[in-house]
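Commentary on secondary and tertiary structure
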Amino acid sequence: MKVRQYMHGDFPGIMEVWSATGLSRPERGDDEATIERSIAMGGAMFVMCEEDDDRKVTGTSWLTFDGRRLHMHHFGIAPAFQGRGLSAELLRESLRLVKEKGYQVKLEVHRTNEAAVRLYRKAGFEYLGDYDVYIIRDIQSIEI
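Now for a quick tour of the structure. Predicted, not measured: the structure shown is a model, and the values here were computed from it. Here the residue numbers are simple positions, counted from 1 along each chain's written sequence. Predicted model: local features are reported for residues with pLDDT of at least 70 only, side-chain atom pairs are reported and counted for 80 or more only, and whole-chain, interface and lining totals are derived from all residues. Think of the side-chain values as coming from all heavy atoms in the structure, minus any hydrogens and water.

Section: the sheet that holds strand β2 (residues 44-50)
To keep things clear, this is the line we draw: When DSSP finds two or more bridges between two strands, those strands count as paired. Each helix is a run of DSSP H or I of at least 4 residues and each strand a run of E of at least 2, with the numbering of both proceeding from the N terminus. Orientation is described by lines fitted to C-alpha atoms, with helices fitted over the stretch in contact, and by angles between N-to-C directions that extend from 0 to 180 degrees.
Taken together, five strands build an open sheet; the order of strands is β1-β2-β3-β4-β5 and the sheet is mixed. The sheet is open, and its two edges are formed by β1 (2-5) and β5 (104-107), each paired on a single side. Strand-to-strand twist of the sheet, defined as the mean angle between neighbouring strand axes without regard to direction, takes the value 35 degrees. Bridge analysis of strand β4 (residues 69-77) against β5 gives four bridges, and the strand direction is parallel.

Here you go:
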């Protein structure tokens, strides 16, 4: 496997991974335009793919930038490729970029995802505390 930066046209393969891993749902607003916009704003999308097939996406790591820190999203490996140590390779490439950019990195992980928690802690991530996370997905529901 190899890890490379996102290329226009990767989105169908990315969505296959996200659908198979539960990383994406329609209400999240994950689409090709959003990925490309976030990259233009200083983020990155790493794609893991097969060595001999650059378009066969097997994993993703999406880093967005808010002007102060990077946020890692949609980090996952397709189920057929899990358990092979590939996530460590994908995380290593992601953190290489974090270090190069010189900003803190933050992520959210479900506390029951023990394999991911182990991976992140081993890489140096620390538990931030008992924060509740809130979101407004339906912006039309905002009453001003």
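After that view, the rundown keeps rolling.
A few points about the nonpolar core
The following threshold applies: Among buried residues, the Ala, Val, Leu, Ile, Met, Phe, Trp, Tyr and Cys ones that are joined through side-chain atoms within 4.5 Å form a nonpolar core. Buried residues are those whose accessible area, probed at 1.4 Å on protein chains only, stays under 20% of the maximum for their type, while exposed residues exceed 50% and partly exposed ones sit between those limits. Here a residue-residue contact requires only that any non-hydrogen atoms of the pair lie within 4.5 Å.
Counting residues in hydrophobic clusters, the biggest one holds 33 residues, and the most contacted among them are Ile14, Trp18, Ile35, Met45, Met72 and Tyr120. Residue assignment for this core shows that the elements contributing at least two residues are α1 (11-21), β2, β3 (53-65), β4, α3 (86-101) and α4 (114-122). Once residues within four sequence positions are removed from consideration, Tyr120 is found in contact with Met72, Phe75, Leu91, Leu107, Val109 and Phe125.

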